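What follows is each chain in one-letter form.
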Amino acid sequence: MNSTDRTVPVDNYLTAGEPGLAGWLCTHDHKRIGILYAIGITFFFFLGGIAATLIRLNLIVPAGALMSAETYNKAFTFHGVVMVWFFLIPSIPATLGNFLLPLMIGARDVAFPRLNLFSWYLYVGGGLFTIGALLLGGVDTGWTFYTPFSTMFSNTHVVLAVIGVFVVGFSSILTGLNFIVTVHTMRTVGMHWFRLPLFVWALYATSLVMVLATPVLAMTLSLIALERLFGVGIFDPALGGDPLLFQHFFWFYSHPAVYIMILPAMGVASELITCGVRRRIFGYRFMAWSMMAIAVIGFMVWGHHMFVAGQSMYAGIVFSILSFVVAVPSAIKVFNWVATLHKGTIDFHAPMLYALGFVGLFMLGGLTGLFLAATALDVNLTDTYFVVAHFHYIMVGGSVMAYLGGIHYWWPKITGRLYPEGPARFAAILMFFGFNLTFFPQYLLGYLGMPRRYHAYPEPFQWLNVLSSAGASILAASYLMPLCYLGWSLWRGAAAGPNPWRATGLEWTTTSPPPVHNFPLPPVVNEGPYQYCP
Amino acid sequence: MSEASTPLLANRAIQFDDDAQQRESSVLGMWVFIATEVLFFGVLFVGYTVARVQFPRAFADGGARTDLLLGSIETGILLISSCLAALAVRDVRFGACRMASWLLAGTALLGVTFLVLHGIEYHAEYEEALIPGMRYHPSGHPARAMMIFFCLYYVITGFHSLHVAIGVALLSRLAWKASRGAFSSDYFAPVEVTALYWHLVDIVWIFVYPLVYLVGRSA
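Values in this document were obtained by computation on a predicted structure and should not be read as measured data.

### What about the overall build of chain B?
At step 1: Within chain B one finds 7 helices and 2 strands.
At step 2: The principal-axis extent of the C-alpha atoms belonging to chain B is close to 75 × 30 × 30 Å.
At step 3: The buried share of chain B, reckoned over its 219 residues, is 50%.
At step 4: Taking the 14 positively charged and 17 negatively charged side chains of chain B as two groups, their mean positions are separated by 5 Å.

Take a look at the structure:
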């Protein structure tokens, strides 16, 4: 094991600086801000999870056991809004990204620490608006806010929810801006672009998407609010406005938003896998470029959400082809992970299990994405549970598995403590099974024709729904487990030492937890990442 | 020697190694921000284009009801103000802080003038009952479809004016700081990035002006 001494250093970012709550709420330290985000994100994750639980409970019996149709609409809307904007989008970039980006490039902090803190306040503020909308009675539009329903017909608190998402959107823009500038200007001596760890590449590509897509969503949502408040008619068919225009704007952001969720997850998986096999990642440059390719091509595929919405056949064909094209860099990544694992001695510790789970679920989600990119199939599968299963495999299976894997992997660095390996492995495996039991039946449901967003359904669909709900309860247990044993390790965990995984990378060269400005002296880099010698 | 280096250290944030890195970061940050702003306004311009293709006549008639003279004067004012901002950056780089302060104040003043003139325009349109949601009852055949033109006109110019107002606030603060000698040839990044922002405000208007005021009058 490591020769360096295994006690938690006294002078670290957790103990130094202003004491008490004020020290945290006014901090400019990227590491503390990462932890603030982690707390907020965990809160919203369980809030969205409660809504998901209600949905799954309701669907156990065909008549809809629990809720009226209206309440059901509000439950899935709340689930979608909270999970997409307050959990999935910020999860990896804002927590792990904030914590690790400066450490990984050898900087003292991000380029704009005050802006970083401001982003967190925007995140919290946006969350308060959304929770306010829930407390006042909820929203029933679905997380997509499709017009003209959201602008003309819904008499729920659309404006409040939209403001919440608008505000949190700015949090995401500012985080992206901060990361881009940090990667460009704050790299330490010798840290060339092609010596950046893949997680940094992933964050960089993600930040580009955040910065270039989110403003479109922000403006579109402002237009919804203005349309509801002042009757601006740009999406209102009664005035000659165009509801399809809303869908174009919305998906111009919201499709790239999927890449905001999955690109950082890919970065995390790359770090986890290369450390778990103790080998260099296969095809480092291809991995980096494929992330940039996904970020760029991801901007050109939004039309596949509208194959049946009334866009022209030719637009449909073009968007279909581009949607197949974006699968190519994703496949490159999967092949490279597999090639890295090939003939390696795999250490099946918890982060590795999460990473392998990520690859499996991402593959299944990605392959069913190809079904949906084919226009002929999509016509049948649109708005069925097949779509629900597909995007949950990518967004929840992919991004949550990677997020938790990353949390486990960097937990010793963040807290200075080791977590218990046994429960962690058990939770990872349980999560994989729970996830598949929840969402695989939904592929079948969708294939058989069960539409999404219905609070009741015909009898024959029941057994698959019961399976799915049973899986959801296992999944819920596997999400609660890390909360318990990670919390336990904060007080009782053994001291980790600077590099418990014997991993490469600058973040492992400093103490765990790191000191306030990360490194006693600015590190100098003279080789690429992942110099593992097995 | 120590006295000379004190203001430099005071202006440098702890996370940067040197002044060049700090300046590079703030300028790049502003450029990235400008990219987001371009997309922000891009939505409005795309929406405008789509609606215009659908209702060419209503948009032409709507455009013809805007105030060409005031619009042109506003364009001139913004162009001159942008020039003053650029000169302010040049002067502050050469260490002429007092001159830069006057130029920044002048820029802010022209911004205020722009806002006042736009207010006059809005008021006239309110009198003519051209503001959807508040007072809208123009006569004639395209009146209904023209509503979308006016909706977009107010959203676009409204968001632009908001940007002008923010710019005026930033410029005034900088002018005040410059008059107290806060900047030097070694430290001028705040002036530079604010000027960049002001140029963005100007350039957005360069697209608004022909779309709103000019194109409808060509036929």
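### With respect to the overall build of chain A
At step 1: Helices and strands together make up the secondary structure of chain A, namely 15 helices and 0 strands.
At step 2: Over its C-alpha atoms chain A spans a radius of gyration of 23 Å, differing by no more than 12% from the 24 Å that the globule rule assigns to 534 residues.
At step 3: The principal-axis extent of the C-alpha atoms belonging to chain A is close to 70 × 50 × 45 Å.
At step 4: The burial tally for chain A puts 62% of its 534 residues in the buried class.
At step 5: Here the contacts in chain A between residues at least 6 apart in sequence split such that 83% fall between residues at least 24 apart.
At step 6: When the accessible area of chain A is evaluated, it comes to approximately 19,300 Å², of which 72% is carbon and sulfur surface.
At step 7: In chain A, the 23 positive side-chain charges and the 18 negative ones have mean positions that sit 12 Å from each other.

### Notes on the UniProt feature "transmembrane region" (unreviewed entry) in chain B
All names here are of chain B.
At step 1: This chain's UniProt record puts "transmembrane region" (unreviewed entry) on residues 28-48, 68-89, 101-124, 145-176 and 196-216.
At step 2: For residues 68-89, helix accounts for 100% and strand for 0%, while the C-alpha atoms at its two ends are 32 Å apart.
At step 3: Here residues 196-216 is 90% helix and 0% strand, with 31 Å between the C-alpha atoms at its ends.

### Details of the interface of chain B and chain A
At step 1: If you look at the interface, chain B gives 32 residues, while chain A gives 38 residues.
At step 2: Here chain B packs against chain A, burying approximately 2,900 Å² in sum over the two surfaces, 77% of which is carbon and sulfur.
At step 3: Counting across the interface, chain B meets chain A through 1 salt bridge.
At step 4: Across the pair Arg108(A) and Asp17(B) runs a salt bridge whose closest N-O atoms are separated by 2.6 Å.
At step 5: Put simply, chain B and chain A have 6 residue pairs in polar contact (both at pLDDT 80 or more) between them.
At step 6: For the side of chain B that touches chain A, the elements supplying multiple residues, two or more each, are helix H2 (19-54) and helix H6 (143-179) of chain B.
At step 7: The element best represented in the side of chain B that touches chain A is H2(B), accounting for 18 residues.
At step 8: Among the residues forming the side of chain B that touches chain A, the class breakdown is 20 nonpolar, 9 polar and 3 charged.

### Considerations on the UniProt feature "domain: Cytochrome oxidase subunit I profile" (unreviewed entry) in chain A
At step 1: Residues given the UniProt feature "domain: Cytochrome oxidase subunit I profile" (unreviewed entry) here are residues 24-526 of chain A.
At step 2: What you have in residues 24-526 of chain A is 71% helix and 0% strand, and the ends, taken at the C-alpha atoms, are 35 Å apart.

### Remarks on the pattern of salt bridges
A side chain of one charge can pair with a side chain of the opposite charge when the charged atoms of the two come close.
At step 1: Enumeration according to the criterion identifies 8 salt bridges over all chains in this entry.
At step 2: With a shortest N-O distance of 3.1 Å, Lys31(A) and Asp29(A) are connected by a salt bridge. An identical accessibility class is assigned to Lys31(A) and Asp29(A); each is buried.
At step 3: Linking Asp19(B) and Arg12(B) is a salt bridge whose minimum nitrogen-to-oxygen distance equals 3.7 Å.
At step 4: Note on Asp19(B): relative accessible area 26%, which makes it partly exposed.

### Here's the deal with the packing of helix H13 (residues 385-415) of chain A against helix H14 (residues 421-448) of chain A
Axis angle and axis distance: for two packed helices, these are the angle between their axes and the distance between the axes, and together they describe the pair.
At step 1: Look at H13(A) against H14(A): their axes get within 8 Å of each other, and the N-to-C directions meet at 170°. The angle between H13(A) and H14(A) places the two elements in the roughly antiparallel class.

### Brief notes about the environment of Glu121(B)
All names here are of chain B.
At step 1: Mapped onto the elements, glutamate 121 comes out in helix H5 (residues 97-127).
At step 2: Here glutamate 121 falls in the buried class, since its relative accessible area comes to 1%.
At step 3: Along the chain, glutamate 121 and tryptophan 205 lie 84 residues apart, while their C-alpha atoms are 15 Å from each other.
At step 4: The contact partners of glutamate 121, leaving out residues within four places of it in the chain, are Asp67, Leu70, Gly71, Glu74, Tyr153 and Tyr213.

### A short note on H5(B)
At step 1: Taking 1.5 Å of rise per residue, 31 residues should cover 45 Å, and H5(B) covers 45 Å from first to last C-alpha, within 8% of that figure.
At step 2: Two residues or fewer after H5(B) comes Ala129(B), characterised by a positive phi angle close to 60°.

### A closer look at the environment of Ile224(A)
Residues and elements named next belong to chain A.
At step 1: Structurally, isoleucine 224 can be placed in helix H7 (residues 198-230).
At step 2: Along the backbone, isoleucine 224 and histidine 192 are 32 residues apart, and their C-alpha atoms lie at a distance of 44 Å.
At step 3: In contact with isoleucine 224, not counting residues within four places along its chain, are Phe145, Thr147, Ser150, Thr151, Val158, Val162 and Phe246.

### Some points on a nonpolar patch on the surface
Residues and elements named next belong to chain A.
At step 1: Judged by side-chain polarity, Ile50, Leu54, Leu57, Ile60, Val61, Leu66 and Val466 come together as a nonpolar surface patch covering roughly 530 Å² of accessible area.
At step 2: Per-element accounting of the nonpolar patch gives the leading share, 3 residues, to helix H2 (residues 30-58).
At step 3: Of note, valine 61 is situated in the loop between H2 and helix H3 (69-105).
At step 4: Its relative accessible area of 31% is what places valine 61 among the partly exposed residues.

### Details of the side chain of Glu125(B)
Residue and element names in this part refer to chain B.
At step 1: Within the fold, glutamate 125 resides in helix H5.
At step 2: The buried charged residue glutamate 125 lacks any salt bridge partner; its closest oppositely charged side chain belongs to arginine 217, at an N-O distance of 8.3 Å.
At step 3: Contact partners of glutamate 125, with chain neighbours within four places excluded, come to Thr66, Leu130, Ile131, Tyr153 and Tyr154.

### Things to note about the packing of aromatic side chains
At step 1: Overall, the coordinates contain 65 aromatic pairs over all chains when judged by the stated rule.
At step 2: Taking the centre distance of 6.5 Å and the plane angle of 70° together, the rings of Phe235(A) and Phe249(A) count as edge-to-face. Residue Phe235(A) is found in the loop between H7 and helix H8 (243-277), and its partner Phe249(A) is found in helix H8; the two are separated by 14 residues along the sequence. Comparing Phe235(A) with Phe249(A), the two get one shared label, buried.
At step 3: In textbook terms, an aromatic cluster arises when at least three aromatic residues are bridged by ring pairs, as seen for Trp85(A), Trp143(A), Phe145(A), Tyr146(A), Phe235(A), Phe246(A), Phe249(A), Phe250(A) and Trp251(A).
At step 4: One cation-aromatic arrangement involves Arg135(B) over Tyr126(B); the distance from NZ or CZ to the ring centre is 4.8 Å.

About the cut-offs
Residues numbered from 1 in each chain as written. Chains lettered and ligands numbered in written order. Predicted model: local features only at pLDDT ≥ 70, side-chain atom pairs only at ≥ 80, totals over all residues. Heavy atoms only, no water. Helix = DSSP H or I, 4+ residues; strand = E, 2+ residues; numbered from the N terminus. Buried < 20%, exposed > 50% of the residue type's maximum accessible area, 1.4 Å probe, protein only. Lys, Arg positive; Asp, Glu negative; His and termini not counted. Charge placed at Lys NZ, Arg CZ, Asp CG, Glu CD. Rg over C-alpha atoms; globule rule 2.2 N^0.38 Å. Contact = heavy atoms within 4.5 Å. Areas by Shrake-Rupley, 256 points an atom, 1.4 Å probe, with all protein chains shown as cover. UniProt positions renumbered as here; feature names shortened; annotations may be inferred. Buried area = accessible area lost by both parts, 1.4 Å probe. Salt bridge = Lys/Arg side-chain N within 4 Å of Asp/Glu carboxyl O. Polar contact = N/O pair within 3.5 Å; in protein donor to acceptor, adjacent residues only side chain to side chain. Nonpolar A, V, L, I, M, F, W, Y, C, P; charged D, E, K, R; others polar. Axes fitted to C-alpha atoms, helices over the stretch in contact; angles between N-to-C directions. Parallel < 35°, antiparallel > 145°, perpendicular 65-115°, else oblique. Expected span 1.5 Å × (residues − 1). Patch = residues over 30% accessible without salt bridge, like charges linked within 9 Å, V, L, I, M, F, W, Y side chains within 5 Å. Phe/Tyr/Trp six-rings, centres within 6.5 Å; stacked < 30°, edge-to-face > 60°. Lys NZ or Arg CZ within 6 Å of the ring centre and 35° of its normal.

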